[in-house]
Amino acid sequence: MATLGNTGTEIYPLVLGTNTFGWTSSEQDTRTVLDDFVSAGGNLIDTADVYSAWAPGHSGGESEIILGRWLATSGKRSKVLIATKVSQHPQYSGLSANNIEAAADESLLRLGTDVIDLYYAHFDDEKTPLEETVAAFDKLVKEGKIRNIGISNYSAERVEEWFRIARDNNLTLPVALEPHYNLVTRRNYEEHLLPVAKKENLAVFPYFALAAGFLTGKYRSEDDLKGKQRGGMVKGYFSKEGLDVVSAMDEIAKAHDVAIASIALAWLRHQPQIAGPIASARIPEQLTALLASTQIDLSADELSTLDKVSATVPEQ
């Protein structure tokens with residue numbers, strides 16, 4: 001088990017993403033995925049108030065609603081930690097104090113819970129003074145609406161500024177960081193965010209851990225993307241060097257008798273400050289490979305191979 005920063009809270013080394021809930025996953029499938037994840041020992045579930053506003057006919061909050069119905073009927077609220085995010089919902093855009101409070105209240109209603117275990121600033125809002133945002137998150141902690149604060153999609157400089165403001169004003173410090181990080185997207189995290197995460201002992205939960213599915217090995221050519229709902233997201237990862245990474249993972253996966261996706265997640269788990277990669281299972285059958293990643297110990301030679309081949313990938 002990993003730990004949530006300095007809180008002492010233990011985290012299973014895989015986080016269940018829910019961006020497919022109410023979008024590409026049926027509600028019955030999501031319930032099975034959630035039940036199986038918890039049965040395997042999983043305890044952190046990651047959502048956002050904006051999921052899945054991008055889908056036709058959706059307005060945001062669909063994932064939280066489905067997760068809330070499962071919490072209400074499963075009796076497993078005490079077994080899980082719920083992470084959600086603010087700033088991107090169409091009705092609650094940005095990180096002003098009033099918006100944060102209103103969005104948190106709406107998330108609590110959709111989730112059907114009285115407290116959010118980990119609440120993220122989803123994307124930086126440079127139009128709002130950071131002092132206002134930091135104070136608003138602290139207020140939610142003091143009101144008992146959230147337990148812990150997380151930061152997502154911020155530059156290293158802005159993360160450092162958040163900590164400076166919080167310390168100068170004796171406000172609650174963040175405990176988690178959620179960056180875009182995987183085997184074909186390494187540079188920003190490793191060069192800029194990792195030093196800050198180490199300094200502040202932040203638990204790091206990478207999103208797009210499987211590069212929107214590219215690192216599952218399902219897509220070996222752009223023709224494989226045709227007709228796929230996530231095709232546009234996956235296309236951005238395509239390159240010769242990226243496909244070389246998939247080929248290297250394929251060899252290692254065969255040696256461990258696991259799926260390629262398991263290796264991609266295991267590599268992340270071996271990286272500094274990573275508490276657990278975030279990955280979603282559209283259907284229950286996909287969860288097996290995700291869970292298997294927590295049991296894989298990659299050798300020094302395997303890690304070196306993946307480090308070298310992925311270091312050649314051009315990043316946008």
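All figures in this text were calculated on a predicted structure; none of them were measured in a lab.

Before we move on, could you go through the sheet that holds strand E5 (residues 81-86) and cite the residues and values that matter?
Backbone hydrogen bonds hold the strands of a sheet together, and the pairing may be parallel or antiparallel. Ordered in space as E11-E10-E9-E8-E5-E4-E3-E12, the 8 strands form an open sheet in which the pairing is parallel. Each of the sheet's edge strands pairs with one partner strand only, and the pair in question is strand E11 (203-204) and strand E12 (278-279). Of the strand pairs in this sheet, strand E3 (residues 15-17) and strand E4 (residues 44-46) are connected by 2 bridges, and their pairing is parallel. Within E4, the residue paired with Leu 16 across the bridge is Ile 45. Across the face of the sheet, helix H3 (residues 97-111) comes into contact with E5 and strand E8 (116-121) while running at roughly 140 degrees to E8. Most of the contacts of helix H4 (residues 130-143) go to strand E9 (residues 146-152), to which it runs at about 155 degrees, and overall it touches E5, E8 and E9.

Give a description of the pairing of E5 that names residues and reports values.
When a strand is regular, its side chains alternate between the sheet's two faces. Taken across its 6 residues, E5 has 6 buried, putting it largely inside the fold. Across the two faces of E5 the burial is the same, with Leu 81, Ala 83 and Lys 85 and Ile 82, Thr 84 and Val 86 all buried. In this structure, E4 lies alongside E5, joined through 3 bridges in parallel fashion. Looking at E5, one finds that Asp 46 is bridged to Ala 83. Direction of pairing for E5 relative to E8: parallel, over a ladder of 4 bridges. By the bridge assignment, Thr 84 is partnered in E8 with Tyr 119.

Cut-offs used in this document
Residues numbered from 1 in each chain as written. Predicted model: local features only at pLDDT ≥ 70, side-chain atom pairs only at ≥ 80, totals over all residues. Heavy atoms only, no water. Pairing = 2+ DSSP bridges. Helix = DSSP H or I, 4+ residues; strand = E, 2+ residues; numbered from the N terminus. Contact = heavy atoms within 4.5 Å. Axes fitted to C-alpha atoms, helices over the stretch in contact; angles between N-to-C directions. Buried < 20%, exposed > 50% of the residue type's maximum accessible area, 1.4 Å probe, protein only.

The values reported here are purely geometric and, on their own, carry no functional implication.
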